[in-house]
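For reference, the chains in residue letters:
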Amino acid sequence: MYKAIIFDLDGTLYDKSGLARRLMLSQLRKGGLGMLKREREVRKMLRGHHYDSEEAFYEAFFAHFARPELARRWYFETYMPDMVRILREHYRIAPWVEKKMAEIRAYSQKVVIFSDYGCVREKLKAIGFKLEWADHLFEAPALGGLKPCKESFEKICQEIGCQPSECLMVGDRKDTDGDGAKSVGMAFQRVSY
């Protein structure tokens, strides 16, 4: 039996179908479509790389934009709040989530949420996930690297006091969630909608 179950957020705890389209339409209206496109490209470039801190991660992240300070403001003041709003208006936790959280609690296992994006608390609340269901919330940038960054998975295990072999990673993407788990010897279970 695992001591901790680590859940990816987007695409795992809720079906994110249509999210990219909604984000594009929202950014189109706000003049941020070019920024959104670049954000997606930069994420792919930095995936799996490790930086010493959240600050170092974001410095590297925004350095790939033509105007880093403008990109930083857009990301934190427009894009992430937009994502939370869209989730609140259009998405809900998957039907299995509440029951699964109760089962995990019955076995005294830890519930961990691990997202490649920030605003984890806000996003969870937006989709109807009760924060008291989770023991730990982690954002990949704060750990220094996007999935499948091995060091991010190692830091989570250190923080929660478990060996990787005592954890199960549950996610929707083999190339990020699965490969990151595999890199530290953690089991992986894929969720798909």
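Residues numbered from 1 in each chain as written. Predicted model: local features only at pLDDT ≥ 70, side-chain atom pairs only at ≥ 80, totals over all residues. Heavy atoms only, no water.

(A) Broad picture of the sheet that holds strand β2 (residues 110-115). Spatially, the five strands line up as an open sheet ordered β3-β2-β1-β4-β5, and their pairing is parallel. On the outer flanks of this sheet lie β3 (136-139) and β5 (187-190), each paired with one strand and no other. The sheet shows a mean angle of 20° between the axes of neighbouring strands, taken without regard to direction. The sheet contact formed by strand β1 (residues 4-8) and β2 spans five bridges and is parallel. Residue pairing in the sheet places Ile-5 in a bridge with Val-111 of β2. (Pairing = 2+ DSSP bridges. Helix = DSSP H or I, 4+ residues; strand = E, 2+ residues; numbered from the N terminus. Axes fitted to C-alpha atoms, helices over the stretch in contact; angles between N-to-C directions.)

(B) Here's a closer look at the packing of helix α4 (residues 68-90) against helix α6 (residues 120-127). Where α4 contacts α6, the two axes come as close as 7 Å, and the packing angle between them is 20°. Classified by the angle between their axes, α4 and α6 sit roughly parallel to one another. The two elements α4 and α6 meet at a crossing, and its hand is right-handed. Between α4 and α6, the contacting residues are Met-80, Met-83, Val-84, Leu-87 and Arg-88 on the first element and Glu-122, Lys-123, Ala-126 and Ile-127 on the second. Of the residues that constitute the contact of α4 with α6, the class distribution is six nonpolar, no polar and three charged. (Parallel < 35°, antiparallel > 145°, perpendicular 65-115°, else oblique. Left-handed = near helix turned anticlockwise from the far one by under 90°. Contact = heavy atoms within 4.5 Å. Nonpolar A, V, L, I, M, F, W, Y, C, P; charged D, E, K, R; others polar.)

(C) Expanded view of the pairing of β1. The element β1 is largely enclosed, with a buried count of five among its five residues. Of the two faces of β1, the one lined by Ala-4, Ile-6 and Asp-8 and the one lined by Ile-5 and Phe-7 are each fully buried. Of the pairings in the sheet, the one linking β1 to strand β4 (residues 167-171) comprises four bridges and is parallel in character. Bridge assignment links Ile-6 to a residue of β4, and that residue is Met-169. (Buried < 20%, exposed > 50% of the residue type's maximum accessible area, 1.4 Å probe, protein only.)

(D) Representation of α4. The end-to-end C-alpha separation of α4 is 31 Å, in line with the 33 Å expected for 23 residues at 1.5 Å each. Most pronounced at Tyr-75, the bend in α4 amounts to some 40°. Within α4 the residues assigned to the buried category are Ala-71, Trp-74, Tyr-75, Tyr-79, Met-80, Asp-82, Met-83, Val-84, Ile-86 and Leu-87. The secondary structure elements touched by the buried residues of α4 are α1 (19-30), α2 (33-46), α3 (54-63) and α6. (Expected span 1.5 Å × (residues − 1). Bend = angle between axes of the 7 residues up to and from the residue.)

(E) Here's a closer look at the pairing of β4. Most of β4 sits out of view: five of its five residues are buried. Neither face of β4 is exposed, since Cys-167, Met-169 and Gly-171 on one face and Leu-168 and Val-170 on the opposite face are all buried. Sheet topology note: the β4/β5 ladder contains four bridges and is parallel. Looking across to β5, one finds that Val-170 is bridged to Gln-189.

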